[in-house]
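Structural overview for review
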Amino acid sequence: MAETFDISLDSLAGRSVAPQNVASSNSSAPSHRNGSTFFLETFGCQMNDHDSEKVAGVLLARGYRQVESPGAASLVLYNTCSIREKAAQKVFSRLGEYRTKQAAGQIIGVLGCVAQQEGQEIFERAPWVSLVCGSASYRKLPDLLSQLEAGNQRVTGLDTDTDETFETPVTRRDNPWRAYLTIIEGCDKACAYCVVPYTRGPERSRASDSVLKEVRELANLGYSEVQLLGQTVNSYADPSKRKMRFSDLLLAVADVPGIRRVRFTTSHPRDFGADIVAALEAQPKLCNHVHLPVQSGSTRVLRAMTRTYTRDEYFEKVAMLRGAKREIAITTDIIVGFPGETEADFAETLSLLEKVRYDALFSFKYSPRPNTPSLSMPDAISEEEKSRRLAILQETQRKIQSQRNATLVGNTFEILVSGKSRRENQWSGHTACHRVVNFASQQRELLGTYVQVRVTGAGPNSLVGEQVT
Ligand code: 5AD
Ligand code: SF4
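Residues numbered from 1 in each chain as written. Chains lettered and ligands numbered in written order. Predicted model: local features only at pLDDT ≥ 70, side-chain atom pairs only at ≥ 80, totals over all residues. Heavy atoms only, no water.

Quick notes on the site of ligand 2
Here is the rule we go by: Here, proximity means that at least one heavy atom of the residue falls within 4 Å of the molecule or strand. Put simply, Ala, Val, Leu, Ile, Met, Phe, Trp, Tyr, Cys and Pro go in the nonpolar bin, Asp, Glu, Lys and Arg in the charged bin, and everything else, Gly too, in the polar bin.
Contacts to ligand 2 come from C187, K189, A190, C191, Y193, C194, V196, P197, Q231, T232, H268 and R307. Looking at the shell around ligand 2 residue by residue, the classes come out as seven nonpolar, three polar and two charged.

Some details on the packing of aromatic side chains
Aromatic ring pairs: the centre-centre distance and the angle between the two ring planes describe each pair. Just so we agree on the cut-off: Note on aromatic pairs: the rings of Phe, Tyr and Trp (six-membered ring only in Trp) are paired at centre separations within 6.5 Å, and the planes decide the class, stacked below 30 degrees, edge-to-face beyond 60, tilted for the rest. Helix and strand assignments come from DSSP, with helices taken as H or I runs of at least 4 residues and strands as E runs of at least 2, each series counted from the N terminus. Exposure categories follow from relative accessible area, calculated using a 1.4 Å probe and restricted to protein chains: below 20% of the type maximum is buried, above 50% is exposed, and the middle band is partly exposed. Here, a charge over a ring is recorded when the distance from Lys NZ or Arg CZ to the ring centre is within 6 Å and its angle to the ring normal is within 35 degrees.
For the coordinates displayed, the defined rule picks out five aromatic pairs. Ring geometry for F246 and F264: centres 5.4 Å apart, planes at 75°, overall edge-to-face. Of this pair, F246 sits in helix α9 (residues 246-254) while F264 sits in strand β13 (residues 261-265); the two residues are 18 residues apart in sequence, bridging distant segments of the chain. Judged by its relative accessible area of 4%, F246 is buried. We classify F264 as buried; its relative accessible area is 4%. Between the aromatic rings of Y309 and Y314, the centroid separation amounts to 6.0 Å while the plane-to-plane angle is 35°, which identifies the pairing as tilted. Neither Y309 nor Y314 differs from the other in exposure class; each is buried. Across from the ring centre of F92, 3.6 Å away, lies the NZ or CZ of R125, which sits over that ring. Looking at K420, its charged tip hangs above the ring of W427, at a distance of 4.8 Å from the centre.

Digging into the sheet that holds strand β9 (residues 178-182)
Two pairing modes exist for strands in a sheet, parallel and antiparallel, and in both the strands are linked by backbone hydrogen bonds. Note the following rule: If DSSP finds at least two bridges between two strands, the strands pair. Only the contacting stretch of a helix is used when fitting its axis, a line to C-alpha atoms as for every element, and angles between N-to-C directions run 0 to 180 degrees. Should any heavy atoms of two residues lie within 4.5 Å, those residues are counted as being in contact.
The strand order across the open sheet built from three strands is β9-β12-β13, with neighbouring strands paired in parallel fashion. The two strands at the open ends of the sheet, each matched to only one other strand, are β9 and β13. When the angles between neighbouring strand axes are averaged without regard to direction, this sheet yields 20°. Against the sheet, α9 contacts β12 (225-229) and β13, and its axis sits at roughly 150° relative to β13.

What to know about the packing of helix α12 (residues 311-322) against helix α13 (residues 343-356)
Any two packed helices are characterised by how steeply their axes cross, that is the angle between the axes, and by the distance between the axes. In plain terms, the rule: Any angle that is under 35 degrees is reported as roughly parallel, and any over 145 degrees as roughly antiparallel; angles of 65 to 115 degrees are reported as roughly perpendicular and all others as oblique. Should the near helix be turned anticlockwise from the far one by less than a right angle, the crossing is termed left-handed; should it be turned clockwise, right-handed.
Their axes nearest at 11 Å, the elements α12 and α13 cross at an angle of 15°. One element, α12, and the other, α13, form an angle in the roughly parallel class. Crossing of α12 over α13 shows right-handed handedness. Contact residues: α12 offers R311, Y314, F315, V318 and R322, while α13 offers E348, S351, L352, K355 and V356. Taken together, the residues that form the contact of α12 with α13 break down as five nonpolar, one polar and four charged.

Digging into the nonpolar core
For clarity, the cut-off: Think of a nonpolar core as a cluster: buried Ala, Val, Leu, Ile, Met, Phe, Trp, Tyr and Cys residues, connected wherever their side-chain atoms sit within 4.5 Å.
Core analysis: the biggest nonpolar cluster contains 55 residues, and I183, F264, Y314 and L321 have the highest contact counts within it. No other element matches the six residues that α9 contributes to this core. The contacts of Y314, once residues within four sequence positions are left out, are P269, L292, P293, V294, Y309, T332, L352, V356 and Y358. Listed in part, the 23 residues of the second largest apolar core include A73, L95, F123 and V129.

Some words on the pairing of strand β18 (residues 426-430)
β18 sits mainly inside the fold: five of its five residues count as buried. Burial along β18 is two-sided: the face carrying Q426, S428 and H430 and the face carrying W427 and G429 are both buried. Joining the antiparallel neighbours strand β17 (residues 412-420) and β18 is a turn of five residues, in which N425 adopts a positive phi near 65°. Sheet topology note: the β18/strand β19 (residues 436-440) ladder contains five bridges and is antiparallel. Within β19, the position partnered with W427 by the bridge is F439.

Looking at the site of ligand 1
Condition: For the purposes of these results, a polar contact is taken to be a pair of N or O atoms within 3.5 Å, where, inside protein, one atom must be able to donate a hydrogen and its partner to accept one; residues adjacent in sequence count only when each atom of the pair is a side-chain atom. Values of accessible area rely on a 1.4 Å probe in the Shrake-Rupley scheme; residue burial ignores everything except the protein chains shown.
Taken together, I83, R84, Y193, Q295, D333, I335, F364, K365, Y366, S367 and R369 make up all the residues around ligand 1. In this structure, R84 approaches ligand 1 through a side-chain N or O atom, which is 2.9 Å from an oxygen atom. A distance of 2.7 Å is found between an oxygen atom of ligand 1 and a side-chain nitrogen or oxygen belonging to Q295. When ligand 1 sits alone it has 400 Å² of accessible area, and the protein chains cover 90% of it. Secondary structure elements with two or more residues in the shell around ligand 1: β15 (329-336) and β16 (360-365).

Brief notes about the pattern of salt bridges
Just so we agree on the cut-off: In the sections that follow, a salt bridge refers to a side-chain nitrogen of Lys or Arg positioned within 4 Å of a carboxyl oxygen of Asp or Glu.
The tally for this structure, following the rule as stated, stands at 35 salt bridges. The closest approach of N and O atoms between E203 and K189, which form a salt bridge, is 3.0 Å. With a gap of 14 residues between them, E203 in the loop between α7 (196-200) and β11 (204-205) and K189 in the loop between β10 (184-185) and α7 connect regions that are remote in the sequence. Owing to a relative accessible area of 23%, E203 belongs among the partly exposed residues under this scheme. A salt bridge links E385 to R388, with the shortest nitrogen-to-oxygen separation between them at 2.9 Å.

Concerning the packing of α13 against helix α14 (residues 383-406)
The contact between α13 and α14 brings their axes to 10 Å, and the two run at 15°. Between α13 and α14, the interaxial angle falls into the category roughly parallel. At the point where α13 passes α14, the crossing takes the right-handed sense. Judged by residue contacts, E343, F346, T349, L350, L353 and E354 of α13 engage E385, R388, R389, I392, L393, T396, Q397 and I400 from α14.

Observations concerning the pairing of β17
With five bridges connecting them, β17 and strand β20 (residues 450-458) associate as antiparallel partners. Bridged to F413 within β20 is V453. As paired elements, β17 and β18 share four bridges and run antiparallel to each other. Bridge pairing in β18 links V417 to G429.

Put into structure tokens, the structure is as follows:
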């Protein structure tokens with residue numbers, strides 16, 4: 001979903017993973033799969049990216065080797081996204097490309113949200129697929145793989161009624177410095193437009209002890225930044241006796257020796273309380289950035305979306321963040337063209353943008369999704385009108401971002417360096433407030449280190465600067 005703010009630096013940083021990045025409690029991978037290879041392509045959100053890291057970990061532990069092209073793989077997996085129609089369509093066009101591969105002995109598998117949503121239908125539409133498995137069933141993967149390895153042609157994992165989370169002792173991580181960690185899976189919020197409750201099932205939180213144990217392991221492996229993940233990360237409810245609140249968990253994660261930065265996404269406004277702001281104020285290791293999707297600036301539309309807060313209640317959360325002792329960046333998601341959204345509703349969204357002045361915005365045209373309540377709502381907005389509203393929204397935000405970023409020229413930020421440009425002496429990384437900074441430095445090796453960078457220029461989507469020593 002990253003559009004304007006989170007320019008992916010992972011490619012610059014080299015996403016291919018060295019073996020030492022395989023966090024394993026059982027490092028001697030069995031060799032019986034020697035010769036088996038897998039290719040895994042991921043669509044969609046960070047949750048999917050991280051699920052893929054775990055799936056890759058499971059496969060590596062079984063002795064599979066990861067390859068960079070589907071042609072070279074004995075097992076081709078797609079971890080799919082169905083949040084918007086376009087994302088879901090991509091999967092079927094990809095599968096179309098693989099029609100002939102099964103004959104060549106390749107096993108094709110569909111994982112993730114499209115797998116959950118379409119289920120057995122996938123076998124109808126693409127009979128050359130052998131594995132269909134939704135995210136709530138990943139803990140069954142070893143078992144499903146055994147069935148495939150035994151020659152079974154149609155294997156499925158489609159339960160969502162599990163109360164377990166997908167914890168694996170072996171997780172392969174793509175970013176050598178930032179580790180992602182799911183603390184809550186699924187969603188109970190039932191927004192009218194959203195497939196997530198359907199594809200990822202009900203909310204299940206991981207026990208705080210288990211989260212903290214993994215953070216300690218990550219710190220020992222050299223990760224200095226962790227990002228806690230959940231569709232509604234701040235709805236975290238510790239299932240263990242400790243009953244840690246989300247804000248307590250944030251503070252405990254930040255206390256783990258070796259951890260320098262803690263991020264979390266995505267926060268739901270309803271569960272965003274003063275205790276989280278207090279934690280951000282008290283602990284500088286908690287990054288000063290909150291992603292707080294508003295979806296619309298109109299209370300009428302918010303009600304139709306079942307977002308469970310009004311425009312004014314959302315402003316109260318923003319006021320809490322703006323009133324904090326530290327400056328906190330706020331980013332958001334907005335959907336334009338929800339059924340029945342009038343010109344006046346849209347004007348309220350624009351005025352919300354001017355009032356909040358977000359640091360970044362991810363904006364989407366409403367996309368009708370199967371099994372969602374809004375599918376049958378009247379007064380659909382035409383594609384043309386959605387595109388018009390999206391363009392106006394993005395242009396409004398572009399101006400706001402340009403202005404906000406311009407005020408940062410002259411400031412110095414700490415950057416975690418994660419990218420090296422092909423141009424000599426040019427590097428890139430993120431500030432704690434999650435801005436991308438491209439900067440010059442004469443030093444030879446900076447990847448994975450924290451440096452001070454003075455901002456010398458600003459565009460709408462990133463900053464430029466130079467290292468200060
Ligand atoms: N249509 C358009 N955007 C959607 N999102 C979720 N469902 C839909 C949909 N049906 C957006 C929301 C959410 C983000 C991850 O994707 O803004 O916050
Ligand atoms: Fe979807 Fe709403 Fe849950 Fe977010 S909070 S995942 S938008 S249902």
